[in-house]
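The primary structure of each chain is shown beneath.
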Amino acid sequence: MVTRGFTGRPQRTEGAVPPGQYVTSDFPVLTAGGTQQLPTRAWELVVTDGTTERTYAWASLHDLGVVDLTTDIHCVTHWSKLGTTWQGVPVAAVLEDAGMADEPYALATSYGGYTTNVLVEDLVDHDAIVAVGYEGGPIPAEHGGPVRLLVPHLYLWKSAKWLRGIRVMPEDELGFWENAGYHHRGDPFLEQRYYGD
Amino acid sequence: MNAEEDLLSVHPEDVHVDGNAIAGAMSLVLGREATMIVLQCAECGDRHRVAETRVYLRCPGMVVRCPACSACEVLLVDRPHRLQLTLMSIRLMELP
Amino acid sequence: MRPVHGWRPATIVGTARETASANSIRLAVADWAGHVAGQHIDVRLTADDGYQATRSFSLSSAPGEAPQITVERLDDGEVSPYLVDIATDGDALEVRGPVGGYFVWQPGDDAPLLLVAGGSGIAPMRAIWRAARPHGTPVRLVYSARTADRVIFADELRSPDGPETTVHLTRERAAGFEYGRLRADQLSALLSSGGVREPRLLVYVCGPTAFVEDAARELTDAGLDADLLRTERFGVGGPK
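Residue indices begin from 1 for each chain and proceed along its sequence in written order. Chain letters start at A and ligand numbers start at 1, both assigned in the order the entries are written. Reporting in this predicted model follows two pLDDT cut-offs: at least 70 for local features of residues, and 80 or more for side-chain atom pairs to be given and counted; totals over whole chains, interfaces and linings ignore these cut-offs and use all residues.

Engineer: Can you help me understand the overall build of chain C in this one?
Structural biologist: Helix numbering and strand numbering both begin at the N terminus, where a helix is a DSSP run of H or I of at least 4 residues and a strand a DSSP run of E of at least 2. For chain C, the helix and strand inventory stands at five helices and 14 strands. As a reference, a globule follows 2.2 Å times the number of residues to the power 0.38, and the radius of gyration itself is taken over C-alpha atoms. Relative to the 2.2 N^0.38 estimate, which gives 18 Å for 240 residues, the radius of gyration of chain C is 18 Å and therefore close to what a compact globule would have. Each principal axis of the C-alpha atoms in chain C carries an extent, and together these give about 60 × 40 × 35 Å. Counting other C-beta atoms within 10 Å of a residue's C-beta gives its exposure: the residue is buried at 20 or more, exposed at 12 or fewer, and partly exposed in between, where C-beta atoms are placed from the backbone. Taking all 240 residues of chain C together, 51% fall into the buried category.

Engineer: What should I look at first to understand the sheet that holds strand S1 (residues 16-18) of chain B in this one?
Structural biologist: Picture the strands of a sheet paired through backbone hydrogen bonds; they go either parallel or antiparallel. Residues and elements named next belong to chain B. What the five strands build is an open sheet, ordered S1-S4-S5-S6-S7; its pairing is antiparallel. Single-partner strands in this sheet number two, and they are S1 and strand S7 (83-87). Strand after strand, the sheet turns through a mean of 25 degrees between neighbouring axes, direction not considered. DSSP calls a pair of strands paired once it identifies at least 2 bridges connecting them. Pairing between S1 and strand S4 (residues 54-56): three bridges, direction antiparallel. For His-16, the partnering residue across the bridge sits in S4 and is Tyr-56. Axes here mean lines fitted to C-alpha atoms, for a helix over just the part in contact, with angles spanning 0 to 180 degrees between N-to-C directions.

Engineer: Quick question: what am I supposed to make of the interface of chain B and chain A here?
Structural biologist: By a widespread convention, an interface's size corresponds to the accessible area lost as its parts come together. Whether two residues are in contact is decided by their C-beta atoms, placed from the backbone, lying within 7 Å. At the interface, 18 residues of chain B touch 17 residues of chain A. Residue assignment for the side of chain B that touches chain A shows that the elements contributing at least two residues are S4, strand S5 (62-65), strand S6 (72-78) and S7 of chain B. Residues are grouped as follows: Ala, Val, Leu, Ile, Met, Phe, Trp, Tyr, Cys and Pro are nonpolar; Asp, Glu, Lys and Arg are charged; every other residue, Gly included, is polar. Among the residues forming the side of chain B that touches chain A, the class breakdown is eight nonpolar, five polar and five charged.

Engineer: Explanation requested: the pairing of strand S2 (residues 44-48) of chain A in the structure shown.
Structural biologist: Residues and elements named next belong to chain A. Alternating residues of S2 divide into Leu-45 and Val-47, all buried, and Glu-44, Val-46 and Thr-48, none buried. Both S2 and strand S3 (residues 53-57) contribute to a ladder of five bridges, which runs antiparallel. By the bridge assignment, Leu-45 is partnered in S3 with Tyr-56. Counting the residues between successive antiparallel strands, the hairpin from S2 to S3 contains four residues, one of them, Gly-50, with a positive phi of roughly 100 degrees. Where S2 meets strand S10 (residues 163-169), three bridges bridge the pair, whose relative direction is parallel. The residue bridging Val-46 from the neighbouring strand is Gly-165, located in S10.

Engineer: Teacher, can you tell me more about unusual backbone geometry here?
Structural biologist: For residues that are not glycine, phi is negative in most cases, and the peptide bond is trans in most cases. All names here are of chain A. For the bond from Gly-145 to Pro-146, the omega torsion is 10 degrees, close enough to zero to count as cis. By the secondary structure assignment, Pro-146 is in the loop between strand S8 (129-134) and strand S9 (148-150). Of note in the backbone geometry, His-78 takes a positive phi value of approximately 85 degrees without being a glycine. Topologically, His-78 is positioned in the loop between strand S4 (67-74) and strand S5 (79-90). By the C-beta count within 10 Å, which is 20 here, His-78 ends up buried.

Engineer: Is there a simple way to think about the nonpolar core in this case?
Structural biologist: For the purposes of this analysis, a nonpolar core is taken to be any set of buried Ala, Val, Leu, Ile, Met, Phe, Trp, Tyr and Cys residues that are connected through C-beta atoms within 7 Å. Judged by nonpolar contacts, the single largest core of 144 residues is most densely connected at Val-130 of chain A together with Leu-115, Ile-128 and Tyr-204 of chain C. At eight residues, helix H2 (residues 122-132) of chain C tops the list of elements feeding residues into this core. Annotation comment: domain bounds sourced from an automatic or database domain assignment. Built from parts of two domains, this core gets at least three residues from each of domain 1 (8-99) and domain 2 (113-234) of chain C.

Put into structure tokens, the structure is as follows:
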């Protein structure tokens with residue numbers, strides 16, 4: 001059944017953005033509640049393969065080399081934001097420094113308990129960063145600051161806010177939304193929204 | 001905008017509503033009216049009606065949180081042809 | 001109460017402009033078996049490319065009347081602009097429900113009612129006062145709106161059939177209206193009648209989340225038993 005006259009959001013565009021997405025100029029705050037307020041000095045990232053672990057603080061993460069990244073981002077709730085600029089450390093550099101780039105699967109964990117699974121190849125062979133800045137400033141807490149994961153070629157729920165850990169594993173382990181019915185990989189250009197898409 | 005007017009605004013960031021918002025989808029799963037069902041939170045033990053939970057709609061699915069401790073009690077994913085309900089932090093459901 | 005079974009086709013059979021930004025939409029729903037005052041429905045719209053959006057709206061018509069929702073436009077919304085500005089007779093959509101057993105009023109309890117509404121939170125209150133009136137249940141309404149021209153159901157509220165009403169305007173002063181937000185002392189005073197505390201008063205509060213949380217806290221601080229309070233919050237209608 002089609003509702004005559006209902007078009008969804010007016011700015012929906014075809015072509016440049018993944019199917020089913022509309023372009024927005026604001027940065028909608030997506031929240032499941034539980035926004036974390038973390039001072040930078042209290043933040044740390046634990047990278048582990050289950051037997052050994054490496055811990056990074058704000059400064060030791062920066063020592064790995066911060067890059068600028070300009071990218072489009074796509075949320076499964078149908079908005080895309082084009083040309084956002086971020087600063088961060090490539091996840092490839094972090095996993096390499098930790099000596100943990102060889103396992104196939106990863107689970108990102110957040111302060112507050114959120115989790116999401118990502119293929120290691122999606123972290124190291126694409127523009128995935130451990131983001132420490134947005135548009136030249138700090139990342140606002142509601143957008144996952146001080147430090148969030150950014151995997152821009154996948155739906156944004158893969159880009160864990162308030163990043164606390166990356167665990168690499170030989171087997172896949174589903175995260176928060178993936179367990180609840182969302183797609184295990186989440187490629188917006190293939191419109192992999194839900195499990196089975 | 002002053003604080004008084006703010007009260008009547010729907011804030012993009014202030015996103016929780018209450019359990020009435022997920023009652024329709026939950027009723028489908030439970031086969032009965034859902035707002036009066038009493039949940040007990042497995043985290044803090046608080047007992048409350050579904051209608052009194054805090055519901056976050058501005059995320060991939062719908063997140064139902066305990067009004068006392070904010071633990072995530074239920075996840076609801078309302079797909080075009082499938083409804084998926086994940087029980088998270090619930091110790092007890094009591095049907096009146 | 002009738003159990004809820006998924007989506008059902010519905011047709012718009014009438015619209016009424018309530019204010020410049022609010023519209024009432026009357027629906028014909030397949031197999032509609034009636035509703036209880038205070039309940040809501042989920043509405044699903046489908047664009048011609050298959051995109052779907054679902055929102056919940058309170059029913060503003062009384063039991064026995066055709067199901068009607070009353071919607072205020074959110075500038076940032078995707079569903080409310082359609083329902084307020086574009087929807088017209090004959091349009092097809094889908095509904096689920098009626099839903100709800102908590103924020104409802106049913107005949108049988110003759111306790112007096114206090115309805116506290118913010119903005120389009122007036123919608124389920126209309127269902128309640130219209131349901132309660134034939135039973136002789138006393139109903140008082142306090143309604144907070146930004147400006148006089150955003151008062152929904154203004155004619156009905158002025159009519160002798162309407163509830164005993166006080167309207168608070170938060171953004172302008174106008175004759176016949178209170179000015180400023182609903183204060184704790186005003187809410188507290190409404191729990192009494194002629195200086196005597198009404199022990200059985202049932203209180204319904206509906207509006208945006210911040211409005212409801214403030215009013216509910218002020219009412220319980222003023223001594224209202226939480227069991228006599230029913231709340232319904234609305235925010236952004238759905239995921240964005």
